[in-house]
Amino acid sequence: MRIPLSRSIALALVAASAFTVSGCAGGRTKSDIPYVARDVGTLYTTGKNRLDRKQYKLAAALFDEVERQHPYSIWARRAQLMSAFAYYLDRDYTSSIQSAQRFISVHPGNRDAPYAYYLIALGYYEQISDVTRDQKITQQALDSLGELTRRYPNSRYAADARLKIDLVRDHLAGKEMEIGRFYETRGQWLSATMRFRRVVDDYQTTTHVPEALMRLTETYLALGVPEEAQKAAAVLGANYPGTDWYQRAYKLMQEHPVKAASAAEPAKTGA
């Protein structure tokens, strides 16, 4: 996914075209580029040309050279973001995140800071794995997206970040469900219940809640607390009445009706 550059960055690219373009050997990486003093315009423009030719790794290395050779120029600030962008397009997400973080640490109040935060969030987001694997990266993506929306709620990137937050939360809820179902198949009812309960409590707006409520009906019955099972089924019926999950929970409760507690017999008094 090619993400848009901010207006100031785009203007920088236009301005850079006024400089002379200098050739570079194709296919080189950052470590292959020897230190040869070059003017900032030549370095920046060559990096932009390599970016346009989809030679992302080399483009990133050239933008890094701008920062290395001309650290106090205005081009160095722009090159930091361009480096992060080029690494992102090359799917080197770790380097992209590092470049964007470096930009923020040096220029926290810059008008392009929201874009840097966006690149960091995307770098984590693109690394999210399926629910059968560890979800540390997923949590980092959620944290980064949340930071972007908190700091810059009205930025051009906030709407996309909010959409991605919903998707990431759904993914994390899916992980909880996957673990809960695993415990349930092994008869570890309490551990399963805790996972399903977390989905209901912490991920209320995700697509996994109806199943979680049905699974809670199952596990509460297995634990011998039918009253809690009935509560879970009732919540499921009130909020998701037309789902298959409710039909399954309703059938379970019909098979395991909750018996009303018998009234205590009044104490007999002596004549």
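About the criteria used
Residues numbered from 1 in each chain as written. Predicted model: local features only at pLDDT ≥ 70, side-chain atom pairs only at ≥ 80, totals over all residues. Heavy atoms only, no water. Core = buried A, V, L, I, M, F, W, Y, C linked by side-chain atoms within 4.5 Å. Buried < 20%, exposed > 50% of the residue type's maximum accessible area, 1.4 Å probe, protein only. Helix = DSSP H or I, 4+ residues; strand = E, 2+ residues; numbered from the N terminus. Contact = heavy atoms within 4.5 Å. Polar contact = N/O pair within 3.5 Å; in protein donor to acceptor, adjacent residues only side chain to side chain. Phe/Tyr/Trp six-rings, centres within 6.5 Å; stacked < 30°, edge-to-face > 60°. Lys NZ or Arg CZ within 6 Å of the ring centre and 35° of its normal.

Draft legend 1. Representation of the nonpolar core in the model. Ranked by internal contacts, the top residues of the largest apolar core, which has 66 residues, are Tyr 44, Leu 51, Val 66, Tyr 115, Leu 119 and Leu 216. Looking at this core element by element, the count peaks at 10 residues for helix H4 (residues 74–89). Not counting residues up to four positions away in its chain, the partners in contact with Val 66 are Val 40, Leu 43, Tyr 44, Pro 71, Trp 75, Ala 76 and Ala 79.

Draft legend 2. Just the side chain of Thr 149, in detail. Of note, Thr 149 is situated in helix H7 (residues 136–151). Given a relative accessible area of 13%, Thr 149 falls into the buried group. Separated by 2.9 Å, the side chain of Thr 149 and the backbone oxygen of Gly 146 make a polar contact. Residue contacts for Thr 149: discarding those within four places in its chain leaves Ala 158, Ala 161, Arg 162 and Ile 165.

Draft legend 3. Layout of the packing of aromatic side chains. Throughout the structure, instances matching the rule amount to eight aromatic pairs. Relative to Tyr 152, the ring of Tyr 117 has its centre 5.8 Å away and its plane inclined at 50 degrees; by these criteria the two rings are tilted. Of the two residues, Tyr 117 sits in helix H6 (residues 113–125) while Tyr 152 sits in the loop between H7 and helix H8 (158–185), which places them 35 residues apart along the sequence. One aromatic cluster is present, built from ring pairs that chain together Tyr 44, Phe 63 and Trp 75. Cation over ring: Arg 78 sits above Trp 75, and NZ or CZ is 5.2 Å from the ring centre. The ring of Tyr 125 has Lys 164 lying over it, and the distance from NZ or CZ to the ring centre is 5.2 Å.

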